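# Structural overview for review
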Protein chains: 2
Amino acid sequence: MQHCQHHQQCQQEAITVAEKYCATHNLRFTPLRRRVLELIWTSHEPVKAYDILDAISDTDTSSKPPTVYRTLDFLQQYGLVHKLNSQNAYIGCAHPNKHQQCYFLICTACSEVSECCYQSIDTLIQKVAKKNNFTQQHTVLEIQGLCESCQNEKA
Amino acid sequence: MQHCQHHQQCQQEAITVAEKYCATHNLRFTPLRRRVLELIWTSHEPVKAYDILDAISDTDTSSKPPTVYRTLDFLQQYGLVHKLNSQNAYIGCAHPNKHQQCYFLICTACSEVSECCYQSIDTLIQKVAKKNNFTQQHTVLEIQGLCESCQNEKA
DNA sequence: TACGTTATGTTATACTATAACATAACGTAT
DNA sequence: ATACGTTATGTTATAGTATAACATAACGTA
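## Describing the overall build of chain A
Of the regular secondary structure elements, chain A holds 6 helices and 5 strands. When the elements of chain A are put in sequence order from the N terminus, they spell out α-α-α-α-β-β-β-β-α-β-α. Dimensions along the principal axes, computed over C-alpha positions, put chain A at roughly 50 × 45 × 25 Å. Here chain A, with 155 residues, has 45% of them falling under the buried criterion.

## A few points about the protein's contact with DNA strand C
Taken together, 20 residues lie around DNA strand C, and T30 and R70 of chain A together with K48, Y50 and K83 of chain B are the ones closest in. Considering the 4 Å shell around the protein, atoms of DNA strand C inside it are sugar or phosphate in 52% of instances. The side chain of T30 of chain A places a nitrogen or oxygen atom 2.6 Å from a phosphate oxygen of DNA strand C. A distance of 3.0 Å separates a phosphate oxygen of DNA strand C from a polar atom in the side chain of Y69 of chain B. Looking at the surface near DNA strand C, the elements that each hand over two or more residues are α2 (31-40) and α4 (65-77) of chain A together with α4 (65-77) of chain B. Broken down by element, the surface near DNA strand C gets its largest block of residues, 4 residues, from α4 of chain B. In the surface near DNA strand C, the residues fall into 7 nonpolar, 4 polar and 9 charged.

## A word on the protein's contact with DNA strand D
The immediate surroundings of DNA strand D are formed by 20 residues, with K48, Y50 and K83 of chain A together with T30 and R70 of chain B found nearest. When the atoms of DNA strand D within 4 Å of the protein are sorted by group, sugar and phosphate make up 53%. In this structure, K83 of chain A approaches DNA strand D through a side-chain N or O atom, which is 2.4 Å from a phosphate oxygen. Between DNA strand D and R70 of chain B there is a distance of 2.6 Å, counted from a base nitrogen to a side-chain nitrogen or oxygen.

## Regarding the packing of α2 of chain A against helix α3 (residues 49-57) of chain A
Axes are the key here: two packed helices are described by the angle between their axes and the distance separating the axes. Residues and elements named next belong to chain A. Look at α2 against α3: their axes get within 10 Å of each other, and the N-to-C directions meet at 120°. Classed by the angle they form, the pair α2 and α3 counts as oblique. By crossing handedness, the relation of α2 to α3 is classed as right-handed. Across from L32, R35, V36, L39 and I40 in α2, the residues of α3 making contact are I52, A55 and I56. Class assignment for the residues of the contact of α2 with α3 results in 7 nonpolar, no polar and 1 charged.

## What to know about the sheet that holds strand β4 (residues 113-115) of chain A
One open sheet accounts for 6 strands, arranged β4(A)-β3(A)-β5(A)-β5(B)-β3(B)-β4(B); its pairing is mixed. In the strand order of this sheet, the two ends are held by β4 of chain A together with β4 (113-115) of chain B, each with one partner. Sheet twist, expressed as the average angle between the axes of neighbouring strands with direction ignored, equals 20°. As judged from the 3 bridges shared by strand β3 (residues 104-107) of chain B and β4 of chain B, these two strands associate in the antiparallel manner. Pairing of F104 of chain B across the sheet is with E115 of chain B, part of β4 of chain B. Packed onto the sheet, helix α5 (residues 119-131) of chain A meets β5 (135-146) of chain A together with β5 (135-146) of chain B and runs at close to 125° relative to β5 of chain A.

## Comments concerning the nonpolar core
I121, F134 and L141 of chain A together with C107, I121 and L141 of chain B are the most contacted members of the largest nonpolar core, which totals 32 residues. Where this core is concerned, the elements lending two or more residues are β3 (104-107), α5 and β5 of chain A together with β3, α5 (119-131) and β5 of chain B. When neighbours within four sequence positions are excluded, L141 of chain B is seen to be in contact with I125, T139, V140 and L141 of chain A together with Y103, F104 and I121 of chain B.

## Considerations on the packing of aromatic side chains
Residue and element names in this part refer to chain A. If you walk through the whole model with that rule in mind, you get 6 aromatic pairs over all chains. For the ring pair Y50 and Y69, a centre distance of 6.3 Å and an interplane angle of 65° mean the geometry is edge-to-face. With Y50 in helix α3 and Y69 in helix α4, this residue pair connects regions lying 19 residues apart in the sequence. Clustering of aromatic rings is evident, with ring pairs tying together Y21, F74 and Y78. Above the plane of the ring of F74 lies R33, whose end atom (NZ or CZ) is 3.6 Å from the centre.

## Here's the deal with the relation of the copies chain B and chain A
Note on the copies: chain B fits chain A at an RMSD of 0.0 Å, the axial shift is 0.0 Å, and the rotation between them is 180°. In symmetry terms, the pair is related by a two-fold rotation axis. Among all residues of chain B, the one whose C-alpha sits closest to the rotation axis is L141 of chain B, at a distance of 2.2 Å. Of all interface residues in chain B, 100% are interface residues in chain A too; the two copies therefore contact each other through one and the same surface.

## A short note on the state of the cysteines
All names here are of chain A. Under the counting rule described, the total for this entry stands at 0 disulfides over all chains. The structure places no disulfide on C110, whose sulfur is separated from the nearest cysteine sulfur, that of C107, by 3.7 Å. Relative accessible area serves as the criterion here: at 9%, C110 is assigned to the buried category.

Calculation criteria
- Residues numbered from 1 in each chain as written.
- Chains lettered and ligands numbered in written order.
- Predicted model: local features only at pLDDT ≥ 70, side-chain atom pairs only at ≥ 80, totals over all residues.
- Heavy atoms only, no water.
- Helix = DSSP H or I, 4+ residues; strand = E, 2+ residues; numbered from the N terminus.
- Buried < 20%, exposed > 50% of the residue type's maximum accessible area, 1.4 Å probe, protein only.
- Near = heavy atom within 4 Å.
- Polar contact = N/O pair within 3.5 Å; in protein donor to acceptor, adjacent residues only side chain to side chain.
- Nonpolar A, V, L, I, M, F, W, Y, C, P; charged D, E, K, R; others polar.
- Axes fitted to C-alpha atoms, helices over the stretch in contact; angles between N-to-C directions.
- Parallel < 35°, antiparallel > 145°, perpendicular 65-115°, else oblique.
- Left-handed = near helix turned anticlockwise from the far one by under 90°.
- Contact = heavy atoms within 4.5 Å.
- Pairing = 2+ DSSP bridges.
- Core = buried A, V, L, I, M, F, W, Y, C linked by side-chain atoms within 4.5 Å.
- Phe/Tyr/Trp six-rings, centres within 6.5 Å; stacked < 30°, edge-to-face > 60°.
- Lys NZ or Arg CZ within 6 Å of the ring centre and 35° of its normal.
- Least-squares fit on C-alpha atoms with pLDDT ≥ 70 in both.
- Disulfide = S-S within 2.5 Å.

Right under this line is the structure:
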């Protein structure tokens, strides 16, 4: 499994980015929203909605599924979090709204996910859409496979 | 909404293809599997598992969720059907195992789905994977937007 | 402080999918 | 033809994912 050296730093940076983003855009970064985002940034693995619910239930007994899903909706709406459709799980985004679309590399061995945002992909998808007279709104691209570390471990 | 002129023909062809595929590969194309595949090919819209269950329950009272999911597993395994992860729905494939990967254009207005299999996409994704030292296993690409007909209807 | 808006609480339920074990159908070697 | 291993389906139960609908609370501002 791949590790970033000081993950707590990723987490803190992500929270700071979110704080600033919300401040700039006049959005409320409430304690609940902060808490959920922190939980999602606990690792680079995607997190399940009900795992978030379990975690916040420790301190907040009034948490119910809508508590989590509404918070996830908010975070997704502003690009702070993405849903991985192939996993029914959620992952933090380090650069909210920097790209139109975010694409993902998902390791099937260690579950780590990395974003991969290339203009060349956007361009090609746009081209494909155009060729089919299709107006693109949103695109899900999830590339599943083995990350570098997990390939090496197998060898 | 976009229509193919004689959809029943699509359906029949798909069944014939599946029949041959199974015959060639020594697979059992049982009545249940045929029935489910026919239901999926009733339209070019993706079909929900529980809608399939409702449909087959009309004639087969012993149908339960595993009946459907197991059949879908079989059909997916041999590329006769694909799951659309962003919709939790299933769609027939006209050319089982012709491509490594199938990609989709999903109309958010009329729900119609068309496959879009371009070598150029495969190539680019492979390149992106390589650049990240990632070994690709399976890729989900679902492009959501408006199909030609639905764009025109809006105009 | 009164009021509209946004966020959260609360209850209930809908929707999606699988585990685990039992029986039946099929294919084939004897 | 029959016995046996394999594959398919039946059956019961439950796990996992997500939303509807309505109530209350917190916030922001005129």
